[in-house]
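# Tertiary structure, described
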Amino acid sequence: MRHIRLAELLDQPEKFETVTVKGWVRTFRANRFIALNDGSTSENLQCVVDFENTDEKILRKINTGAALEISGKLVESAGKGQSLEIVVATIQIVGEADPDFYPIQPKKHSFEFLREKAHLRARTATFSAVMRIRSVLSFAIHQFFQDKGFCYVHTPIITGSNAEGAGEMFRVSVLDPKNPPIDTDGKVDFKQDFFGKETNLTVSGQLEAETYAQGLGNVYTFGPTFRAENSNTSRHLAEFWMIEPEMAFCELEDNMDLSEEFIKYALKYILEKCDKDLSFLDQRLANDEKKKPKNQRSPMGLLEKINFVVYNEFKRITYTEAIDILKNSKPNKKKKFDYVVEEWGADLQSEHERYLVEKHFDAPVILYDYPAKIKAFYMRMNEDQKTVRAMDILFPGIGEIVGGSQREERIEVLERRIAELGIDKEDLWWYLDLRRFGSTPHSGFGLGFERLVLFATGMSNIRDVIPFPRTPQNASF
Ligand code: ATP
Ligand code: MN
């Protein structure tokens, strides 16, 4: 008999009479009802055991977590909670799970507990749903860019340039940490290291993506990035995945249009392809919400929130407009913000971003034209000589989900900025070359994949939307 996965079986049950299914036991009730799940769907399949005619030894091994192979007839279920069930004809214990030691029990475990069991958490309903959505989302991202003719470029993970400036870096070295070679200045001599220079894990593929955009036109990267920032928040990982499109002949407005279209496409894609998993998570969140006091409940459910983003325009305002709104806001006047907004030029804190997105606009917001002082050297200078063509997309409950800009394509302006910021020009010779030969107005952005998965699944901690999170003091598994 052909082994059928549950997603296929439950999708078109009329096609099947007797089947073989394989999966793991979620629960076993009354020596009779197995809830089996094989990871292909959030739904379990009920398998009814004829316990009077089943070997006692086998029955004892049907425990939560055990792997089983079951064959039998598919029938309509009389019980409530499911429409189908299998009348078990044969049952085989493929892999036992000793109930005295198997840590995942058929009850609600906290996400903190499950992080310590990250090798087993894919066996839970919530994590398997999150990981399936993550998988479909990443496919949607490729589909979006491929349909538009973007070229997928693989930018390097080990980088020799330390001018990216997006965050603290992890050093890559084969030198003996106890006894590194020392140069005449008394510093570690990286000339003797593997690459003959200091190297790090990349914080962004942007600079390299720009070089390929200046030949292929439209490109995107989708790969891992690393930041050694010691920020233990629910929004930051030390290793995360980033999508970075980069487009030649493209100005900031086109960049904003593309980023908005892109996010809407990816979310719409999962609304269509992941309806069961999303409904499951929607329900899970709704149950959690019910336990909260009324005034702390979220006004929208998960599906409602996703639909809202897909079918509403993002609000676009300049940094300067945002500062005016914030200055005149109630929490600012009453000094309720930890950082009171006083003058133009200050970096926005997440409390300010949240106010704009969640209170003032109640919608995703694209903030653009930031002060040059708080943004990276490569962003295009505006006429006012004070602001640059940067844009960030802020999302409800998430904060910044996208950071992007139009890049400075004028060699003199770029060189001036590099000098002003004291960045080593030698490191960037190839980046400057792009402005010397056939320079074009070009733009791009970076979207943190896990932040999108957070939004799409309604999870609240970024550690729970990546299979094995890397955070300060934690690289287990
Ligand atoms: P933040 O202010 O949230 O730290 P950032 O300004 O450092 O973000 P960028 O350098 O613009 O972020 O990176 C582009 C995108 O990558 C961000 O918009 C965000 O979605 C994501 N991102 C940045 N840092 C992290 C991180 N440590 N973990 C997960 N995603 C991140
Ligand atoms: Mn950061």
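Residues numbered from 1 in each chain as written. Chains lettered and ligands numbered in written order. Predicted model: local features only at pLDDT ≥ 70, side-chain atom pairs only at ≥ 80, totals over all residues. Heavy atoms only, no water.

## Concerning a nonpolar patch on the surface
A grouping of Ile 157, Ile 158, Val 174, Phe 194 and Phe 195 is seen on the molecular surface, where their side chains present a nonpolar patch of about 490 Å² in accessible area. Topologically, Phe 194 is positioned in the loop between strand E8 (171–172) and strand E9 (199–201). (Patch = residues over 30% accessible without salt bridge, like charges linked within 9 Å, V, L, I, M, F, W, Y side chains within 5 Å. Areas by Shrake-Rupley, 256 points an atom, 1.4 Å probe, with all protein chains shown as cover. Salt bridge = Lys/Arg side-chain N within 4 Å of Asp/Glu carboxyl O. Helix = DSSP H or I, 4+ residues; strand = E, 2+ residues; numbered from the N terminus.)

## Description of the site of ligand 1
In the vicinity of ligand 1, 16 residues are found, and the nearest of them are Glu 229, His 236, Glu 400, Ile 401 and Arg 451. Within the contact set of ligand 1, an oxygen atom lies 2.9 Å away from a side-chain nitrogen or oxygen of Arg 227. Starting from 580 Å² of accessible surface for ligand 1 in isolation, the protein chains cover 80%. Secondary-structure elements contributing two or more residues to the shell around ligand 1 are strand E11 (239–248), strand E15 (399–407) and strand E16 (442–448). Examining the composition of the shell around ligand 1, we find that four residues originate from one element, E15, more than from any other. A per-class count over the shell around ligand 1 returns seven nonpolar, four polar and five charged. (Near = heavy atom within 4 Å. Polar contact = N/O pair within 3.5 Å; in protein donor to acceptor, adjacent residues only side chain to side chain. Nonpolar A, V, L, I, M, F, W, Y, C, P; charged D, E, K, R; others polar.)

## Structural notes on the environment of Phe 194
Classification of Phe 194 as exposed rests on a relative accessible area of 60%. Each C-alpha atom of the pair Phe 194 and Leu 175 lies 7.8 Å from the other, and the pair is 19 residues apart in sequence. (Buried < 20%, exposed > 50% of the residue type's maximum accessible area, 1.4 Å probe, protein only.)

## Description of the environment of Ile 70
With respect to the secondary-structure elements, Ile 70 resides in strand E4 (residues 67–76). Counting along the chain gives 392 residues from Ile 70 to Ile 462, while the straight-line C-alpha distance between them is 37 Å. Residues within four places of Ile 70 in sequence aside, it is in contact with Val 19, Thr 20, Val 21, Ile 34, Cys 47, Ile 86, Val 88, Thr 90 and Ile 91. (Contact = heavy atoms within 4.5 Å.)

## Observations concerning the pattern of salt bridges
Under the definition given, this model contains 31 salt bridges. Between Arg 389 and Asp 369 there is a salt bridge, with its nearest N and O atoms 3.3 Å apart. Remark: Asp 369 occurs in strand E13 (residues 365–371) and Arg 389 occurs in strand E14 (residues 387–395); sequence separation between them is 20 residues. Comparing Arg 389 with Asp 369 shows no difference in burial state: the two are buried. With its nearest N and O atoms 2.8 Å apart, the salt bridge here joins Arg 380 to Glu 409. Of this pair, Arg 380 sits in the loop between E13 and E14 while Glu 409 sits in the loop between E15 and helix H12 (411–420), and the two are 29 residues apart along the sequence.

## Points about the domain arrangement of the chain
Here the chain is partitioned into domain 1 (6–107) and domain 2 (125–168 + 203–464). Carbon and sulfur atoms supply 38% of the area that domain 1 and domain 2 bury against each other, a total of about 500 Å² over both sides. Taken together, the connections running from domain 1 to domain 2 amount to one salt bridge. One salt bridge connects Glu 43 with Lys 276, and the closest N-O pair in it is separated by 3.1 Å. Viewed at the interface, domain 2 and domain 1 are joined by three residue pairs in polar contact (both at pLDDT 80 or more). Its residues assigned to classes, the side of domain 1 that touches domain 2 shows no nonpolar, four polar and two charged. (Domains from an automatic or database assignment. Buried area = accessible area lost by both parts, 1.4 Å probe.)

## Here's the deal with the sheet that holds E9
Read across the open sheet, the three strands follow the order E7-E9-E8; overall the sheet is antiparallel. In the strand order of this sheet, the two ends are held by strand E7 (158–159) and E8, each with one partner. Sheet topology note: the E7/E9 ladder contains two bridges and is antiparallel. Counted as the bridge partner of Ile 158 is Leu 201 from E9. (Pairing = 2+ DSSP bridges.)

## Topic: helix H11 (residues 350–361)
Given a rise of 1.5 Å per residue, 12 residues ought to cover 16 Å, and the 15 Å separating the end C-alpha atoms of H11 matches this to within 8%. Restricting attention to buried positions, one finds in H11 the residues Glu 351, His 352, Glu 353, Tyr 355, Leu 356, Val 357 and Phe 361. If you follow the buried residues of H11, they end up packed against strand E12 (315–318), helix H9 (319–327), helix H10 (330–333), E13, E14 and E15. After H11 finishes, the residue Asp 362 shows a positive phi value of roughly 55°. (Expected span 1.5 Å × (residues − 1).)

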